[in-house]
Amino acid sequence: MTSEERKEIRYQRRKAKRDRKVLERSRKYGNLEQAFCFHKVMYYGDKCTKGVGFKKSTQYFKLHMFTIVATTCKNIKSNCYKVGNTYQFTIHERGKVRIIDAPHIKDRLVHKVIANEILSPIYYPHFIYDNGASIRNKGFHFAMKRVHTKLYSWYLKNGLEGYAVTIDFSKFFPNCSHEAIKKIHTKYIFNSHTIKVIEDYLFIKEGLPLGCEIAQKEALMLPNQLYHFIANQYPIVRFMDDSIFLINTKEEGKIILNHYQKLAEKLGIIMNLKKTKIIRIEKFILFCKWNYVVLNSGKVLMIPVRDTIYRQRTKINKMKQKSIDKIEILQTKTCFQSYLDLGNTYYHQKYLNQLLSK
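Below is a summary of the structure that appears in this document. (Residues numbered from 1 in each chain as written. Predicted model: local features only at pLDDT ≥ 70, side-chain atom pairs only at ≥ 80, totals over all residues. Heavy atoms only, no water.)

This paragraph deals with the side chain of D130. By the secondary structure assignment, D130 is in the loop between helix 6 (105-123) and helix 7 (140-158). Overall, D130 belongs to the buried group, its relative accessible area being 9%. Reaching out from D130, the side chain makes a polar contact with the side chain of R146 at a distance of 2.4 Å. Within the structure, D130 has its side chain in polar contact with the side chain of K150 (distance 3.0 Å). (Helix = DSSP H or I, 4+ residues; strand = E, 2+ residues; numbered from the N terminus. Buried < 20%, exposed > 50% of the residue type's maximum accessible area, 1.4 Å probe, protein only. Polar contact = N/O pair within 3.5 Å; in protein donor to acceptor, adjacent residues only side chain to side chain.)

Let us look at the state of the cysteines. Inspection of the entire model under this criterion finds zero disulfides. No disulfide involves C48; its sulfur sits 12 Å from the nearest other cysteine sulfur, which is in C212. Given a relative accessible area of 0%, C48 falls into the buried group. No disulfide involves C73; its sulfur sits 7.3 Å from that of C37, the nearest cysteine. Judged by relative accessible area, C73 falls into the buried class, the value being 6%. (Disulfide = S-S within 2.5 Å.)

A word on the pattern of salt bridges. Within the structure shown, the criterion is met by ten salt bridges. Among the salt bridges present, the one from R280 reaches E282, with a minimum N-O distance of 2.9 Å. Classification of R280 by relative accessible area gives partly exposed; the value is 26%. Each of D130, R146 and K150 takes part in a single network of salt bridges with overlapping partners. (Salt bridge = Lys/Arg side-chain N within 4 Å of Asp/Glu carboxyl O.)

Here we take up the sheet that holds strand 8 (residues 290-294). Reading across from one edge, 7-8-9 is the order of the three strands in this open sheet, with antiparallel pairing throughout. Strand pairing shows two members of the sheet lacking a second neighbour, strand 7 (285-287) and strand 9 (300-304), which therefore form its edges. The average undirected angle you get between the axes of adjacent strands in this sheet is 30°. In the sheet, strand 8 pairs with strand 9 via five bridges, with the strands oriented antiparallel. Pairing of N291 across the sheet is with I303, part of strand 9. (Pairing = 2+ DSSP bridges. Axes fitted to C-alpha atoms, helices over the stretch in contact; angles between N-to-C directions.)

Here it is in structure tokens:
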């Protein structure tokens, strides 16, 4: 037996072990009978009402929760459910216009159960460790700390020699391919009824709807193999569709990006070439609206972008001009100050305190 044949046998053994784990997770979590049991759905019913108790629909839902939960469980299991319409509205986020498809609270209940009881335990073992989005005990703060750690570790090994590559997708949610998501479902969920329910609640429009909890899980899983392609070779951090990884040379970065783009096209993902950049390690590296700077001493500074600072200052000034209650202004300031606490923002916070003392 040659060395190549032994390698192939070891690979097939590892692959069979991974396939067994995927099958076990699907059997354990991919069953609607287990996911939509009464006490679990009641738990997520309470979750749905938190923070929105002032709404008429929420008050009605709380009043008839017992009946609604029982009916939902019965309809999902017997395949008699009916997906409701969404409430569409537009928001302006940092100059971007986003169309949100908000489901009715009855559908949001189903979304929560599917997202947390089925998709999360099936998908999460396949994510890279440095993925901070939509994972319990992680999040935005985790992603920022990991970027800081990666840059400092790189400096200890290579100094200021090297480059950072930032990658962003163009209109990620609207461009998500339904066919690519269906392939993911058939690969990881071996229950046709479960897949049908997920897709009926998920595919309500072209792409994936913003405002749907199931869509967030699917959007995390769709480009997952792209991040494994990078993580096998270079240090990488991911937060939703934004990612950053470190390389030795610019030419190396161009080669990797070329392969990355080809893989993305197969999944129907469009890269935003304006925001995808290769930057020297000692320059300002932009990731998730924060600039990272590695100094000659090895210290990594984290500075928020100017637009964020100016926007919040303008907001507070307008609130003061309109004579809004001081408690509400103080709450806005406290929230923004907590955001600034994540990085090196001593002078920004000092100016913010001076602004409020006037």
